[in-house]
Amino acid sequence: DRGTATNRVMIQGSTNIIAGGTVFANYGLEINNADGVGVRHLTVSNAAVGIGIVDSDNCLVEWARALKNGSGFTVNNVTTAQFVHCTAWGCSAAGLTHGASSVGVSWRNGLLWSNTVGVTLGGNSLTLQDSIFGAFGPNRYAIQLEQNFNGTLNSDYNAFYLVNEAAAGVRLTQPKATVAQTVSRWTRDFGKDAHSLSGDPLFAAAAQRDFHLLSLA
């Protein structure tokens, strides 16, 4: 089925988080050649790709979680896709993979935590805003620009938590990648995230996927 940007076909999961919500385990969801589709309140775990959008325009994903997948969320050959209030946690590749020929993609008010790479960017244009990145350990990056990337990245007003030699950004160039170890270096060398912050966001228990803010009372 197909919808439009103003009248989407919605795939709606349960909002009963206390009972566990709607969970797809071991199998992901792919929107393929289906414009105007929305996904809301869905958790996908232990799949090769959590939620993928392919050859589909004007799609929306909100309040979705991708947990311990290969890739959390992917877009390929997409025009206008929005990710709002989404979480990618513990993915062995990237939390968000922005693939070839994709334009008008945005990730806002989201969380990219403890993935090998937060976002990998190879498409034409992407906006990252009002989101939190957590990267842990050497050869882990919040944002990775692929060697063939020659588009536009609008990234600002985010928060970065970089631990144990994790880096804010990297550009995969030959013969050696260009690494921005800190947010300030990422801003200086790449011109991104001028208004973003670096530091511990003080979640209640991030290791247990409790991303409520820690109470200091």
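Here, every reference points to the structure presented above.
Below or above, wherever it landed, is the structure these notes cover. All of these numbers come straight from a predicted model, not from anything done at the bench.

## Notes on a nonpolar patch on the surface
Inference 1: There is a patch of nonpolar side chains on the surface, built from Leu-202, Leu-214 and Leu-216 and spanning about 310 Å² of accessible area.
Inference 2: Mapped onto the elements, Leu-202 comes out in the loop between β21 (197-198) and β22 (203-205).
Inference 3: Note on Leu-202: relative accessible area 41%, which makes it partly exposed.

## Focus: the layout of surface pockets
Inference 1: The volume enclosed by the largest pocket comes to roughly 630 Å³.
Inference 2: Taken together, 26 residues form the lining of the largest pocket, with Trp-63, Arg-65, His-85, Thr-87 and Phe-211 sitting closest to its centre.
Inference 3: Those elements giving two or more residues to the lining of the largest pocket turn out to be β4 (37-45), β6 (59-67) and β23 (210-213).
Inference 4: By residue number, the principal contributor to the lining of the largest pocket is β6, which donates four residues.
Inference 5: A class-by-class count of the residues in the lining of the largest pocket yields ten nonpolar, twelve polar and four charged.

## Some points on the pairing of β6
Inference 1: For β6, the buried fraction is high: seven of the nine residues fall into the buried class.
Inference 2: Pairing of β4 with β6 involves seven bridges; the strand directions are parallel. Bridging from a neighbouring strand, Ser-45 pairs with Leu-67 of β6.
Inference 3: Relative to strand β8 (residues 79-84), β6 runs parallel, the two sharing four bridges. Residue pairing across strands places Glu-62 opposite Val-84, the latter belonging to β8.
Inference 4: One ladder, built from three bridges, connects β6 with strand β9 (residues 87-89); its direction is parallel.

Conventions used here
Residues numbered from 1 in each chain as written. Predicted model: local features only at pLDDT ≥ 70, side-chain atom pairs only at ≥ 80, totals over all residues. Heavy atoms only, no water. Patch = residues over 30% accessible without salt bridge, like charges linked within 9 Å, V, L, I, M, F, W, Y side chains within 5 Å. Areas by Shrake-Rupley, 256 points an atom, 1.4 Å probe, with all protein chains shown as cover. Salt bridge = Lys/Arg side-chain N within 4 Å of Asp/Glu carboxyl O. Helix = DSSP H or I, 4+ residues; strand = E, 2+ residues; numbered from the N terminus. Buried < 20%, exposed > 50% of the residue type's maximum accessible area, 1.4 Å probe, protein only. 1 Å grid on protein atoms, 1.4 Å probe; cavity = no way out; pocket = protein on both sides within 12 Å on 5 of 7 lines; lining within 4 Å. Points joined across faces, edges and corners; volume = space filled by probe spheres on them. Nonpolar A, V, L, I, M, F, W, Y, C, P; charged D, E, K, R; others polar. Pairing = 2+ DSSP bridges.

Scope: geometric values only; no functional claims are made or implied.
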